[in-house]
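Descriptive analysis of the structure
One letter stands for each residue in the lines below.
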Amino acid sequence: MKQLFSLALVCLCLKLSAQQFTELPKFGKVDKSELEMTECSFDKNAAAMVLFDEGESFFKINTNMPNAPVFQQTEHHVRIKIFNSKGFDNANIKIRYFSADKDISIKSLSAQTYNLDASGNMVISKVEKSNIYTKAINSRYSEKIFAFPDVKEGSVLEYKYILDGASEGVWYFQKSIPVKFSRFIIDFPVELRVATSPYVNLPVQHGSSKKSSSNYSWYAMENLPALEDEPYMSCREDYLQRLEARITALDFPGVPVRNLVPTWPKIIKDLVEDEDFGKQLKRNIPRTADLDKMMESVTDPYKKMKIIHNYVRNNMAWNNYDNIWALEGVRSAWKDKKGTSGEINLILINLLKDAGLNVKPVLVSTRDNGVVNTSVAGYSQFNKVMAYVQIDEKIYVLDATEVNTPSHLIPDEVMDSEGLVIEKLDNFEGGWRVLWDNEHRMEKNIFVYASLNDKGMMKGNATITSKDYAKAKLLPLLRTGADKLKENLHVSAEIRIDSFVVTNENDESPLIQAFGFSLPAASTNDYHYFSTNLFTGLDKNPFIADERATDIFFGPKQSYQLTCNISLPEGYQLENVPKNIRMITPDTSIVFTRQSSFSNNLLLTTIKLEFNSPIYLADIYPGFQEFYKKLFAYLNEKVVYKVK
C-alpha cells in the first residue's frame, strides 16, 4: 500500500497572491508594543508565538569547483514572544546543520532577551558567546545550542545567524507554536536555475523581480496556526507548511545547459562507491566461534537468518545514532561491539550474505523521519539502512538495532513506507519496494469469565493473548518485569488484579497474560451497572477534537476480539441485553461487530474490531470521527441488572 498525504499539494494548486514586500525590523529594534503584547491575536491560548521568521538565501556560482559549482549562504532572523511559563521551552534553541563538509558552518550568531522593568523601560540580556555550544551529533551533523537568559512571561527573544556553504534545503513556514509572519527570500544569479516547490494548503504571498545580474524571489505566509501533536500522528515535518528549494541547472549563454539535478541511479552509484557505505558491504566480517557453533548443521535459510539476526542484536550495542553509514568501518564496530544503526545493520548484511542468503541493503526513512519523496533523488532523505532478505517468495526486513521485533515481522517504524533496495552492487541497480506486511497484524484476544454477586461485585478470571505486533509492543515492558505488564492492563483504580502469570515461549509464539480480578459495579438503589469492555485498551476515544490537520496513521493491520461470559446472581435479571451490532466504514476498512445473548442468568458477549488500512486521510476526518463516536458509545455501553 502506498502512503498518501493530503497536505502535499502540487505547486499549481497554490493560493498565491502578489503583495507588497514588507520590511521587517532590524535586529535589536524591538517595539515596546511587542513587549506589552499579552496574547496571540489568532490563537488566544498560545503560550508563545513566532513574531517573525525570515531567511534570505544568496547563491553564487563557482566554476572552479566542478563537483560543487554552487555556493549558498542563508541569513536567518527569528523573533519569538513568550506569553506564559508554558512557553519557556521555546527559549532553548538547537540549530542543526551538515558539518561533514568543512566549508559549511554557522557564523555571526547573536541572540538576546528583551524585558520591561518595573518602570516600563526595556532591559536587554545578551546570550554570551561562551554560552553558545557546538555539539557533534555524528561525523556528518552538528548542532549549535544555546538558551536565552532572563526569560519571563512577556519576554521577547531574538536571534540571527548565517548558515554558510549549505546548498538547497527546506524552509518551514509553520512551527509547533503559532507564527505571525514567515518569509523566505531567494537571490540567485541569472545563470542559475532554482526550483521552488511550496507544499501548503494556506494562502501564500509571492513576489519576484529581476536585477541586472540576479533574480530575486520571495514567499511569505502569515497568521499560521500551530501544528500541535495529534493522536496517531506520523512525522510532523510531513505536514508543516513549507517551501522546498532545489538547484536544477547552470545556464550560461552560448554554453550547453548543465543539469545539476541528481537521479536515483546516480545516487545509488555514489552510495555503492562510498567508503562509508558500499565499500563496507564488501568487507569480510570475521565469524566468531560461538556464531559458527550456532550455525553448525543448520541448512534451513529461515533458521540461518534468525540465528544471525538475533546474534547481531544480542552482541552489538547501538549508540542511539541513526544513519546509513559505517562511519568507523564495520570491522572496527564489530571489534568494539557497538556502533550506529548504519554500522550494525551493514554488519548484519555482511554476515547474512556470508551465510549464502539472498540479502540486499534497503534504504529507509522511519516514521519519525518522514516520507521519502521518490521523485526527488537524494540520500539525505534516508535515516536508516536495513537488511532486505528474500527466502522463496517471502520478504523479510531486518533491523538489528530494534530488539523487540522478531525476524518474521517488518519493523513497525517503516511499515507502509517505500524503501530503496540496492539490487546489485556491481552495476548499481536499485528499485523501490513498498514495505508492507499483509499477513501479520496487531492481534489481541481477550477472554473473560466472571460472576456478579448481589452486592454488585464482579469477580473472575481473564486471559489476554497478544500476537505479532501486539506482542512486540509489550516486550519492552516485559523486559523490565511482569509488574510493568500488570500496570499496563488499562484498568481503573477500582479493579484488583491477582494471580498474574505471563507465558512467553519463544519470539514467534503469542504472549499470554492470565490473571484473576475483582471489580465493583456502580450501583443506584436496586440497580447495578457494569461494562463488558474489559482489558481491551479501548477505553477512551482518542479522536474527540472537532478538527484535524494530519492524517491518522495506524501502521499494521489490527484485530481485537473480546469474549465475555458473565453470570448473574440468583434472583436478579438484566434490564437490557446489549443489541447485536455491525458497523462498517464506507471503505470497509474498519469493521465492528457485537453479538450478545442471555439465558439461564448467563450473559455472553463477543466484540470484534478490525482495522485493515494503515492510514486515514485528514480529509475524511469528520466521517471518521463520527464513526469513532458511535464505536466508543457501543464499547462503553452499560449493562444494567436488578432484583427480579
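Here's what I pulled together on the structure shown here. What you see is a predicted model; the values in this text were computed from it and never measured.

Some thoughts on the overall build of the chain
- Within the chain one finds nine helices and 37 strands.
- Dimensions of the chain, computed from the C-alpha atoms along their principal axes, are close to 95 × 75 × 45 Å.
- Of the contacts made within the chain by residues no fewer than 6 positions apart, 72% connect residues no fewer than 24 positions apart.
- As presented, the chain carries roughly 31,100 Å² of accessible surface, and 48% of it is formed by carbon and sulfur atoms.
- Considering the chain, the positive charge centre built from 76 side chains and the negative charge centre built from 81 side chains are found 1 Å apart.

Thoughts on the packing of aromatic side chains
- For the structure on display, the rule yields 33 aromatic pairs.
- Where Tyr-302 meets Tyr-396, the ring centres are 5.4 Å apart and the plane angle is 40°; that geometry is what we call tilted. Of the two residues, Tyr-302 is situated in helix H4 (residues 301-315) and Tyr-396 in strand S21 (residues 394-398); the sequence distance between them amounts to 94 residues. The residues Tyr-302 and Tyr-396 share a single accessibility class, namely buried.

Let's talk about the sheet that holds strand S32 (residues 572-574)
- Taken in spatial order, the four strands make up an open sheet running S28-S29-S37-S32, and their pairing is antiparallel. Both edges of this open sheet fall to strand S28 (522-524) and S32, since each of them pairs with a single strand only. Taken pair by pair, the neighbouring strands of this sheet meet at an average axis angle of 30°, ignoring direction.
- Note: S32 against strand S37 (residues 638-643), three bridges, orientation antiparallel.

Some details on the nonpolar core
- Formed by 66 residues in total, the largest nonpolar core has its most connected members in Val-448, Phe-517 and Phe-535.
- The biggest single contributor to this core is helix H9 (residues 621-635), with seven residues.
- Residues contacting Phe-535, with those up to four places away along its chain left out, are Lys-444, Ile-446, Val-448, Ala-462, Ile-464, Leu-489, Val-491, Ile-495, Ile-497, Phe-515 and Phe-517.
- By size, the runner-up hydrophobic cluster in this structure holds 49 residues, among which are Leu-281, Ile-285, Val-298 and Ile-422.

Some points on the sheet that holds strand S25 (residues 457-468)
- Read from one edge of the open sheet, eight strands run S26-S27-S25-S24-S31-S35-S34-S33, paired in mixed fashion. At either end of the open sheet lies a strand with only one pairing partner, and these are strand S26 (496-503) and strand S33 (581-584). Along the sheet, successive strands turn relative to each other by an average axial angle of 10°, direction set aside.

Re the layout of surface pockets
- Quantified by volume, the second largest pocket comes out at close to 910 Å³.
- In terms of lining residues, the second largest pocket is bounded by 40 residues, among which Tyr-232, Met-442, Tyr-469, Lys-473 and Tyr-560 are the most central.
- Elements supplying a minimum of two residues to the lining of the second largest pocket: strand S24 (442-452), S25, helix H7 (469-479), strand S31 (558-567) and H9.
- With seven residues, H7 is the largest single contributor of residues to the lining of the second largest pocket.
- Along the lines of polarity and charge, the residues of the lining of the second largest pocket split into 22 nonpolar, 10 polar and eight charged.

As for a nonpolar patch on the surface
- There is a patch of nonpolar side chains on the surface, built from Phe-447, Tyr-449 and Leu-602 and spanning about 280 Å² of accessible area.
- Along the chain, the position of Tyr-449 falls in strand S24.
- Look at Tyr-449 and you get partly exposed, because its relative accessible area is 48%.

Things to note about the pairing of strand S14 (residues 214-224)
- Counting buried positions along S14 gives nine out of 11 residues, so the element sits mostly inside the fold.
- As paired strands, strand S11 (residues 179-189) and S14 are joined by 10 bridges and run antiparallel to one another. Within the sheet, the bridge partner assigned to Phe-181 lies in S14 and is Glu-222.
- For strand S13 (residues 204-210) and S14, the ladder comprises six bridges, and the chain directions are antiparallel. Along S14, the bridge assignment pairs Gly-207 with Trp-218.
- Between S13 and the antiparallel strand that follows it, S14, lie three residues.

A word on unusual backbone geometry
- Residue Lys-337 is not a glycine yet carries a positive backbone phi of 65°.
- Mapped onto the elements of the fold, Lys-337 is located in the loop between helix H5 (330-336) and strand S18 (338-339).
- Since its relative accessible area comes to 30%, Lys-337 is described here as partly exposed.
- Despite not being glycine, Thr-588 has its phi angle at roughly 65°, a positive value.
- Mapped onto the elements, Thr-588 comes out in the loop between S33 and strand S34 (590-599).

Regarding the side chain of Glu-158
- Structurally, Glu-158 is set in strand S9 (residues 156-164).
- Judged by relative accessible area, which is 0%, Glu-158 ranks as buried.
- Looking at Glu-158, its side chain comes within polar contact range of the main-chain nitrogen of Gly-28, at 3.0 Å.

Cut-offs and rules
Residues numbered from 1 in each chain as written. Predicted model: local features only at pLDDT ≥ 70, side-chain atom pairs only at ≥ 80, totals over all residues. Heavy atoms only, no water. Helix = DSSP H or I, 4+ residues; strand = E, 2+ residues; numbered from the N terminus. Contact = heavy atoms within 4.5 Å. Areas by Shrake-Rupley, 256 points an atom, 1.4 Å probe, with all protein chains shown as cover. Lys, Arg positive; Asp, Glu negative; His and termini not counted. Charge placed at Lys NZ, Arg CZ, Asp CG, Glu CD. Phe/Tyr/Trp six-rings, centres within 6.5 Å; stacked < 30°, edge-to-face > 60°. Buried < 20%, exposed > 50% of the residue type's maximum accessible area, 1.4 Å probe, protein only. Pairing = 2+ DSSP bridges. Axes fitted to C-alpha atoms, helices over the stretch in contact; angles between N-to-C directions. Core = buried A, V, L, I, M, F, W, Y, C linked by side-chain atoms within 4.5 Å. 1 Å grid on protein atoms, 1.4 Å probe; cavity = no way out; pocket = protein on both sides within 12 Å on 5 of 7 lines; lining within 4 Å. Points joined across faces, edges and corners; volume = space filled by probe spheres on them. Nonpolar A, V, L, I, M, F, W, Y, C, P; charged D, E, K, R; others polar. Patch = residues over 30% accessible without salt bridge, like charges linked within 9 Å, V, L, I, M, F, W, Y side chains within 5 Å. Salt bridge = Lys/Arg side-chain N within 4 Å of Asp/Glu carboxyl O. Polar contact = N/O pair within 3.5 Å; in protein donor to acceptor, adjacent residues only side chain to side chain.

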